[in-house]
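Close look at the chain arrangement
Residues per chain, in single letters:
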Amino acid sequence: MIAHHPSEATLAAYAAGTLPEALALVAATHLSHCATCRKTLSTLEATGGALLEDLPPVPLSIDALDRLLGRMDQPAPPPPPILNPELPAPLNRVALGRWWPVGPGVRYRPMQSSGAAWGGLVLAQPGRSLPRHGHAGRELTCVLSCAFADQDGTFAAGDLSEPGDNHDQPPAVIGVQPCLCVIASEGMRLRGLLGFAQRIIGR
Amino acid sequence: MTQTTQSAGGPDYAALIQSIAQRRDREAFAALFGHFAPRVKAWMLRGGVNPTAAEELAQETMLSVWRKADLFDPARAGASTWIFTIARNLRIDAMRRERHPSDLMPDPSEEPDPPAQADRVIAMSQQEIRIRSALSLLPPEQAEVIHKAFFEDKVHAEIEKELGIPLGTVKSRLRLAMTRLRAALGDLA
Ligand SMILES: [Zn+2]
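This text gives an overview of the structure that appears in the document. (Residues numbered from 1 in each chain as written. Chains lettered and ligands numbered in written order. Predicted model: local features only at pLDDT ≥ 70, side-chain atom pairs only at ≥ 80, totals over all residues. Heavy atoms only, no water.)

**Brief notes about the pairing of strand S9 (residues 179–185) of chain A**
Regular strands show a simple pattern: their side chains alternate between the two faces of the sheet. Residue and element names in this part refer to chain A. Within S9, seven of the seven residues are buried, which leaves it mostly tucked inside the rest of the structure. Of the two faces of S9, the one carrying Cys179, Cys181, Ile183 and Ser185 and the one carrying Leu180, Val182 and Ala184 are both buried. Across six bridges, the pairing between strand S4 (residues 139–145) and S9 is antiparallel. Bridge pairing in S9 places Val143 opposite Cys181. (Buried < 20%, exposed > 50% of the residue type's maximum accessible area, 1.4 Å probe, protein only. Helix = DSSP H or I, 4+ residues; strand = E, 2+ residues; numbered from the N terminus. Pairing = 2+ DSSP bridges.)

Here you go:
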């Protein structure tokens, strides 16, 4: 049962296609688990459709349709390959770097993404804390397996954490299994060792 | 129910897409192109895409409509909504180039597929009509954040700066707007 969801603002940016790629990947991971947010997304996408319908049209060049009709029998490009079959669908085609130790019991694996956010997988052992950034920009975390807890409650598989500005308590892994999450942030710097690793690895 | 799937007076675009899927109907395609390509181009231009690329992306969007027509499910989305999502994904792709990030969008084929019922198909075309009317009735400050989110390639920090209101206010206006849109959909959502 999913208990923690992204804000409407985040889903609106996702629906509009303006959420930076790394953040969109985390949101997509949550959406693949969450029927409630898929419903909100479909309302937002219908909003996009309604806005499109009401836009004053801008004509294309006069031969645009004819040129297109000449190309219509070309085959569609193949989909990109699945690189990580062990990960859920929104993450399985993403290029991932190697695992980096970023503190006792915490490892980080950056994912390739473009745009104004960066992200990756974090694997933290029971009792350890997940890294959390400073107070600049949006940050999203989606749990892939096991659980962590912070001042907002307990986050299990599929739950998404979108902390506000007043978050200081780092999330701690609960239970006896390590917790795997996908995280993304617009913040420039992570705190502590993960921040250090991020500066060494680059984005 | 005696409602048809037609939007107010216009052609039934969902039926045109299905006609492409079933018969590779080039006339249906030309009609869709005439209606949607100039709107997709307008949307691209509003998002800051240059005119040459906007024209190209409008054509690519329509090419995808042709190729993917058999994936269109009128019980899942109205025609404008479906074409909007294609245009959006192509714009994301164009901005990222090296990969195909439209794959970020959850693949509908992986979700449990409810059976397509006739009343559901009607519901989806009604959904677009109701959303259009609800959008026109939104208070200006809520309409503004929705428009900025969909038409301008802006992150929230920029919207915040431009409107001179805190991020929390942007978020709460969006939440209020969504509440109204959901209420307008009622049982259709
Ligand atoms: Zn959710």
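**Describing the coordination of the zinc ion**
Residues and elements named next belong to chain A. Protein ligation of the zinc ion involves His5 (ND1), His30 (NE2), Cys34 (SG) and Cys37 (SG), the donor distances falling in the range 2.0 to 2.3 Å. Seen from the zinc ion, its four donor atoms lie at angles of 99 to 116°, and the figure they make is tetrahedral. The sequence pattern describing where the donors of the zinc ion fall on their chain is H-x24-H-x3-C-x2-C. Placement of the pair is His5 in the segment before helix H1 (8–16) and His30 in helix H2 (residues 21–33), with a sequence separation of 25 residues. A relative accessible area of 31% places His5 in the partly exposed class. Take His30: its relative accessible area is 0%, and that puts it in the buried class. (Donors = N, O, S within 2.8 Å, 3.2 Å for Na, K, Ca; no water. Tetrahedral: all angles 85-135°; square planar, octahedral: opposite > 155°, others 65-115°.)

**With respect to the sheet that holds strand S3 (residues 118–124) of chain A**
All names here are of chain A. Spatially, the six strands line up as an open sheet ordered S1-S2-S3-S9-S4-S7, and their pairing is antiparallel. Each having just a single partner strand, strand S1 (100–101) and strand S7 (160–161) make up the two edges of the open sheet. As judged from the two bridges shared by S1 and strand S2 (residues 106–111), these two strands associate in the antiparallel manner. Along S2, the bridge assignment pairs Trp100 with Tyr108. Packing of H2 onto the sheet brings it into contact with S2, S3, S4, S7 and S9, and relative to S4 it is tilted by some 40°. (Contact = heavy atoms within 4.5 Å. Axes fitted to C-alpha atoms, helices over the stretch in contact; angles between N-to-C directions.)

**Looking at helix H1 (residues 13–23) of chain B**
Among all positions of H1 of chain B, only Tyr13, Ala14, Leu16, Ile17, Ser19 and Ile20 of chain B are buried. Summarising the contacts, the buried residues of H1 of chain B are in contact with helix H3 (35–53) of chain A together with helix H2 (26–46), helix H3 (51–68) and helix H4 (79–96) of chain B. Of the residues flanking the start of H1 of chain B, the one acting as N-cap is Asp12 of chain B, its side-chain oxygen 3.3 Å from the backbone nitrogen of Ala14 of chain B. Once H1 of chain B ends, the next one or two residues include Arg24 of chain B, with phi positive near 50°. (Polar contact = N/O pair within 3.5 Å; in protein donor to acceptor, adjacent residues only side chain to side chain.)

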